[in-house]
Amino acid sequence: MMMIPSRKNFFDEVFNEPMFSKKEAKIMKTDIKEKDGNYIFTIDVPGVEKENINIELENGYLTVSATMNEDIDDEEKNGKYIYKERYSGECSRSFYVGDDVTEEDVKASFKNGILTVIVPEKEEKEEKTKKRIQID
């Protein structure tokens, strides 16, 4: 059992965070599925080279960041942009995966603009409960 009390509610909250603007919601679209005791994160990072993707694990949070560099055209030679949707810069997503997950547990692969990250589902440690002593 994962340390997340309610998986559905937790992941719903992650994707509905008010911190994400509409533009950011289009970047690094992520699907998370549970299979064979693992969480499988499928993250779209089109146009990003593998060398420009960074995955870190700190305090139970898995953070995936990507740097997207678009070649900047000389406007005098190639004209002035009227409208531009391509993103240039850095973006990241963070997911709580549990305090017991280590870097060695996490596996990642990258192919055709899709990053796949596999995180094992760790069992929740049993919390010690306080026992009340009856007063006579």
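From a predicted model like this one, the values you see are computed outputs, not experimental measurements. Throughout this description, residue numbers start from 1 for each chain and increase along the sequence as written. For a predicted model such as this one, the threshold for reporting local features is a pLDDT of at least 70, and the threshold for listing and counting side-chain atom pairs is 80 or more; totals across whole chains, interfaces and linings nevertheless cover every residue. The side-chain values count all of the structure's non-hydrogen atoms but skip hydrogen atoms and water molecules.

Peer 1: Lay out the confidence of the model for the protein in plain terms, naming residues and giving numbers.
Peer 2: pLDDT runs from 0 to 100 and stands for how confident the predictor is about each residue. Residues of the protein with pLDDT of at least 70 account for 68%, and the chain-wide mean is 78. It only takes one pair of heavy atoms within 4.5 Å for two residues to be counted as in contact. Scored below 50 in pLDDT, residues 1–6 shows 21 contacts in the model against residues more than four places distant or in partner chains. Per-residue pLDDT stays below 50 along residues 17–21; that stretch engages in four contacts with residues further than four places along the chain or on separate chains.

Peer 1: Lay out the environment of N54 in plain terms, naming residues and giving numbers.
Peer 2: Numbering goes from the N terminus for both helices and strands, where a helix is a DSSP run of H or I of at least four residues and a strand is a run of E of at least two. Looking at the element boundaries, N54 is found in strand β3 (residues 53–58). Classification of N54 by relative accessible area gives partly exposed; the value is 35%. The spatial distance from the C-alpha of N54 to the C-alpha of T67 is 8.8 Å, given a sequence separation of 13 residues. Setting aside residues no more than four positions away along its own chain, N54 makes contact with T63, V64 and S65. Counting of polar contacts relies on pairs of N or O atoms within 3.5 Å, with two restrictions inside protein: one atom must be capable of donating a hydrogen and the other of accepting it, and residues adjacent in sequence are counted only when both atoms are side-chain atoms. Among the polar contacts made by the side chain of N54, one reaches the side chain of E56 at a distance of 3.0 Å. Residue burial is assigned from relative accessible area. The probe radius is 1.4 Å, only protein chains are included, and a residue is buried under 20% of its type maximum, exposed over 50%, and partly exposed in between.

Peer 1: I'd like a rundown of the environment of K122, residues and numbers included.
Peer 2: Looking at the secondary structure, you find K122 in the segment after β7 (114–120). It is 9.1 Å that separates the C-alpha atoms of K122 and D99, two residues lying 23 residues apart in sequence. One polar contact links K122 to D105, side chain to side chain, over a distance of 3.2 Å.

Peer 1: Which residues make up the pairing of strand β1 (residues 30–35), and what values go with them?
Peer 2: When DSSP locates at least two bridges between a pair of strands, those strands are taken to pair. Both β1 and strand β2 (residues 38–44) contribute to a ladder of six bridges, which runs antiparallel. Along β2, the bridge assignment pairs I32 with F41. Hairpin connection from β1 to β2: two residues lie between these consecutive antiparallel strands, with D36 at a positive phi of about 50°.

Peer 1: Describe the pairing of β7, naming the residues involved and giving the relevant values.
Peer 2: As defined by bridge partners, β2 adjoins β7 across seven bridges and the pair is classed as antiparallel. When the sheet's bridge partners are listed, N38 is paired in β7 with P120. In this structure, strand β6 (residues 107–111) lies alongside β7, joined through five bridges in antiparallel fashion. Bridge pairing in β7 links K111 to I114. Between the antiparallel neighbours β6 and β7 lie two residues, among them N112 with a positive phi of about 55°.

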